[in-house]
Amino acid sequence: VQLQASGGGSVQAGGSLRLSCAASGRTFSRQTVGWFRQAPGKEREFVAAIRWSGGSTYYADSAKGRFTISRDNTKTTVYLQMNSLRPEDTAIYYCAADPSIILSSIRVPQQYEYWGQGTLVTVSS
């Protein structure tokens, strides 16, 4: 499956952005879709994930209460609604998908098979 992330941009602290991850070549049916981010000089870190089957969601502590991951009924797009953005949220955001990831590995980027190209989010103070 090919993934296309979009929706990044520049906002001031406290603002909002909605990122989209669109699938092509295959739907997200039976996939787990995750959002990760990587700031300059830092490792890629988990932000949120959603299990397509059942719709369970998972969040990093830094994202809880501010970010919401969701899916559309066409099974081709996953969203990350980001509210109350902070300067430390500045990073390149990537979406990833995997058909067989286990729960204990859902926060591990190396466990995801498919990756999008990333979209830059810049939050200014």
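Just so we're clear, the structure is a prediction, and the values are computed from it rather than from any experiment.

**Q** Would you take a moment to explain the overall build of the chain for this structure?
**A** The helix and strand inventory of the chain stands at 0 helices and 11 strands. Element order for the chain, N to C, with α for helix and β for strand: β-β-β-β-β-β-β-β-β-β-β. In terms of overall size, the chain behaves like a compact globule, its C-alpha atoms giving a radius of gyration of 13 Å where 125 residues would be expected to give roughly 14 Å. Taken along the three principal axes of its C-alpha coordinates, the chain extends 40 × 25 × 25 Å. Taken across its 125 residues, the chain has 46% of its residues classed as buried.

**Q** Hey, could you run me through the nonpolar core in this one?
**A** Across soluble globular proteins, nonpolar side chains have a tendency to be buried as a group. Among the nonpolar cores identified, the biggest contains 31 residues, and Leu3, Phe28, Trp35, Val78, Leu80, Met82 and Tyr93 are the most heavily contacted of them. Mapped onto this core, the elements with two or more residues apiece are β1 (2-6), β3 (17-24), β4 (32-38), β5 (45-51), β7 (67-71), β8 (77-82), β9 (91-98) and β11 (119-124). Once residues lying within four places of it in the same chain are set aside, the contact partners of Met82 are Gly15, Ser16, Leu17, Leu19, Arg66, Phe67, Tyr93 and Val121. Within the second largest apolar cluster, 9 residues are counted, among which are Ala49, Tyr58, Ala96 and Ile101.

**Q** Please clarify how the side chain of Asp72 should be interpreted in this entry.
**A** Within the fold, Asp72 resides in the loop between β7 and β8. This buried residue, Asp72, is left without a salt bridge; Arg71 holds the nearest opposite charge, at 7.8 Å. If we skip the residues at most four places from it in the chain, Asp72 touches Trp52, Thr77 and Tyr79.

Rules used throughout
Residues numbered from 1 in each chain as written. Predicted model: local features only at pLDDT ≥ 70, side-chain atom pairs only at ≥ 80, totals over all residues. Heavy atoms only, no water. Helix = DSSP H or I, 4+ residues; strand = E, 2+ residues; numbered from the N terminus. Rg over C-alpha atoms; globule rule 2.2 N^0.38 Å. Buried < 20%, exposed > 50% of the residue type's maximum accessible area, 1.4 Å probe, protein only. Core = buried A, V, L, I, M, F, W, Y, C linked by side-chain atoms within 4.5 Å. Contact = heavy atoms within 4.5 Å. Lys, Arg positive; Asp, Glu negative; His and termini not counted. Salt bridge = Lys/Arg side-chain N within 4 Å of Asp/Glu carboxyl O.

Everything listed is a geometric property; what it means functionally is a separate question.
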